[in-house]
Every structure is written in structure tokens, then in C-alpha cells.
Amino acid sequence: GRDDLASSPFDEILQAPRDVNLAAKDENGNYVQQPNPEVAYQNPLWTEATREVNTTGNRALMSAQYAWSPFAWLTANATVSYDRREQVTRTYIPKGTPANVGADGTLDGSISFNHVWTQTWNAEAQVSLRRDFGPLNARVTGRALLERDRTETGTRSGQNFILFGIPQISNTLPENRNSSSTEREVRATGYLVDTGLDYAGKYTATILGRRDGSSLFGPDARWRNYYRVAFAWRMAEEPWFNIPGVSEFKLSFARGTAGGR
């Protein structure tokens, strides 16, 4: 847990008139709310001293990796990670605390709780196959991606305490209580297949297909397909190639599409 600032005192100090004594205190040793009554300005030191704002939370992290290679031509690996965070912020203004300068003064104390909970999953799995068929070398890679992000928020508050010194929502009338909550989830999924061919080190080709889905888009644009095809010819490897001073010469062609969130 931690104690937080009740406001943004740095900004308020910059806006304070030069002749206002922010360190002024009354006969009881407390900071004065309005050191200069002729100036509609509230002392940020008084604001921090008359209310409580604290935050408590916890977080859990987990990750795992797995690799598997039963054959020389087959490899597989997977990773997964998990992140869970929870945070509760409590704001308390005791009964009898004067209202902010310029307010109507009807608020007689308040308490609120703001709860934020998030959970994130990320996972990836990949399988690769490599085989030689004489002069032909082939490689095929398949990959899958998954993302899940969920956030829940909740707020409870009560105003105008009935009794002094009881910082609980039950110390307010039902009509002075409020609560709200929100829920948000973002999902993303992706699949990819990549094939590469190499013949005698002279002719290469790659073919890739990808399909991505995201919940951030509407039904008509939620899924998209992408591709890439590429070919190359290393003419320098041909027995008839002989250009003085040139050790590598390659012709290539590629076409495809790309995109992302």
C-alpha cells in the first residue's frame, strides 16, 4: 500500500499568488485553508492535510517456455505468460471538512473506493520441419499467436456522513451512495504458415500465408488474410556465369500484403 497525493499540489503552487503564505497555520497548528480570504485560492498544503488517499494492490507474473525436438528435422517450442494486477484506491474526506473554495458547501465528507483489476494472457506456439530431398531443401514453419487482455473496474462512494469519525459508506444515507462498474476485454489471434524451398543453392522460393483476428475491429473487419510469395535465382551459381570482378549476382521477385492493428 502507499499514501497518494489528494490533488496536484505542484500545479497549485505554481498558480498561487506570490504574497500568499502557504505555510500559515491557525491557533490549533493546522494549515489554513485560505491564507488570504481576498484571493479565491485554496492552500494545497491544507488539502493534503485534511483528507486521506491511499492505494493498495498486488501483482502476479508467470511465464513458461517449452522446447521439443524429437527428430533432427522437427522442432517445436511454445511460450506462455500471465500478468494479473489488482489495485484499490481509497479516498476519504472526514465529516466537517470545509468544502473547496468556490464550492457550494453542501458536501459534508465523503469516501470512495476505486477498484481496477486486469488480467493478461499471451501465448505463442511454433513448429518447424526441415528436410532434404537430394538437392532440394525444404522448410515449413507453422505459428499460432494468442492474446487476451481483460480489465474490470468498479467504483463505490458515499457522501454526507451521518456521524463523525466513521469512514464507511454505511455511514451515509442510501440516496447519497453511488456505484458503477465497467468491463473490457480485448482479444487477438493469429496464424501463420511459411514455406521455404531451396534447390541446389541456386533457386529459392518462399510462400507465406497469415490470418489475423482482433476484437478491436467490427465484424466486417475483424479477420484479415495476408500473403507473400518470393522467388530468387542466383545466376552466379550457374556454371556458365563468368563476369570478371562479380562473385554474386541474383535476380529476385516478391509480392505480398501486410498489415496490423
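Since this is a predicted model, take the numbers as computed values, not measurements.

Undergrad: Where do I start with the pattern of salt bridges in this structure?
TA: Using the criterion set out here, one finds 15 salt bridges in the structure. Residues glutamate 152 and arginine 150 are paired through a salt bridge, measuring 3.1 Å at the closest nitrogen-oxygen approach. Overall, the relative accessible area of 29% leaves glutamate 152 in the partly exposed class. Ionic pairing is found between glutamate 183 and arginine 150, a salt bridge with its closest N-O pair at 2.7 Å. Note that glutamate 183 is positioned in strand S6 (residues 177-199) and arginine 150 in strand S5 (residues 136-159), a separation of 33 residues in sequence. Accessibility expressed as a relative area gives 22% for arginine 150, which makes it partly exposed.

Undergrad: What should I look at first to understand the pairing of strand S4 (residues 110-133) in this one?
TA: On a regular strand, one side chain projects to one face of the sheet and the next to the other, so that they alternate. Taken together, the 20 bridges between strand S3 (residues 74-93) and S4 define a ladder with antiparallel strand orientation. Residue pairing in the sheet places valine 80 in a bridge with alanine 123 of S4. Hairpin connection, S4 to S5: the antiparallel pair is bridged by two residues, and glycine 134 has positive phi, about 65°.

Undergrad: Even after reading the chapter, I still don't get the sheet that holds strand S8 (residues 223-234), so can you show me in this structure?
TA: By way of backbone hydrogen bonds, the strands of a sheet pair with one another, either parallel or antiparallel. With antiparallel pairing, nine strands are arranged side by side in an open sheet as S1-S2-S3-S4-S5-S6-S7-S8-S9. Each edge of the open sheet carries a strand with a single partner, namely strand S1 (2-3) and strand S9 (250-256). Note that strand S2 (residues 52-71) and S3 share 18 bridges and pair antiparallel. When the sheet's bridge partners are listed, asparagine 58 is paired in S3 with glutamate 86.

Undergrad: How should I be thinking about the packing of aromatic side chains in this particular structure?
TA: The geometry of an aromatic ring pair is captured by two quantities: the separation of the ring centres and the angle between the planes. With the rule as written, the count across this model stands at six aromatic pairs. Judged by centre distance (4.5 Å) and plane angle (45°), the rings of tyrosine 82 and tryptophan 121 are tilted. Remark: tryptophan 121 occurs in strand S4 and tyrosine 82 occurs in strand S3; sequence separation between them is 39 residues. The exposure class of tryptophan 121 is partly exposed, given its relative accessible area of 34%. With 6.0 Å between their ring centres and 20° between their planes, phenylalanine 241 and phenylalanine 249 make a pair best called stacked. In this structure, lysine 95 is placed above the aromatic ring of phenylalanine 164, and the distance from its NZ or CZ to the ring centre is 5.3 Å.

Undergrad: It is not clear to me how unusual backbone geometry should be interpreted in this structure. Could you clarify?
TA: Glycine aside, a negative phi is what most residues show, and trans is what most peptide bonds show. Unlike most non-glycine residues, asparagine 160 shows phi in positive territory, near 60°. By the element assignment, asparagine 160 lies in the loop between S5 and S6. Owing to a relative accessible area of 24%, asparagine 160 belongs among the partly exposed residues under this scheme. Backbone geometry at alanine 200 places phi at a positive 60°, although glycine is not the residue there. Secondary-structure assignment places alanine 200 in the loop between S6 and strand S7 (203-214).

What counts and what doesn't
Residues numbered from 1 in each chain as written. Predicted model: local features only at pLDDT ≥ 70, side-chain atom pairs only at ≥ 80, totals over all residues. Heavy atoms only, no water. Salt bridge = Lys/Arg side-chain N within 4 Å of Asp/Glu carboxyl O. Buried < 20%, exposed > 50% of the residue type's maximum accessible area, 1.4 Å probe, protein only. Helix = DSSP H or I, 4+ residues; strand = E, 2+ residues; numbered from the N terminus. Pairing = 2+ DSSP bridges. Phe/Tyr/Trp six-rings, centres within 6.5 Å; stacked < 30°, edge-to-face > 60°. Lys NZ or Arg CZ within 6 Å of the ring centre and 35° of its normal.

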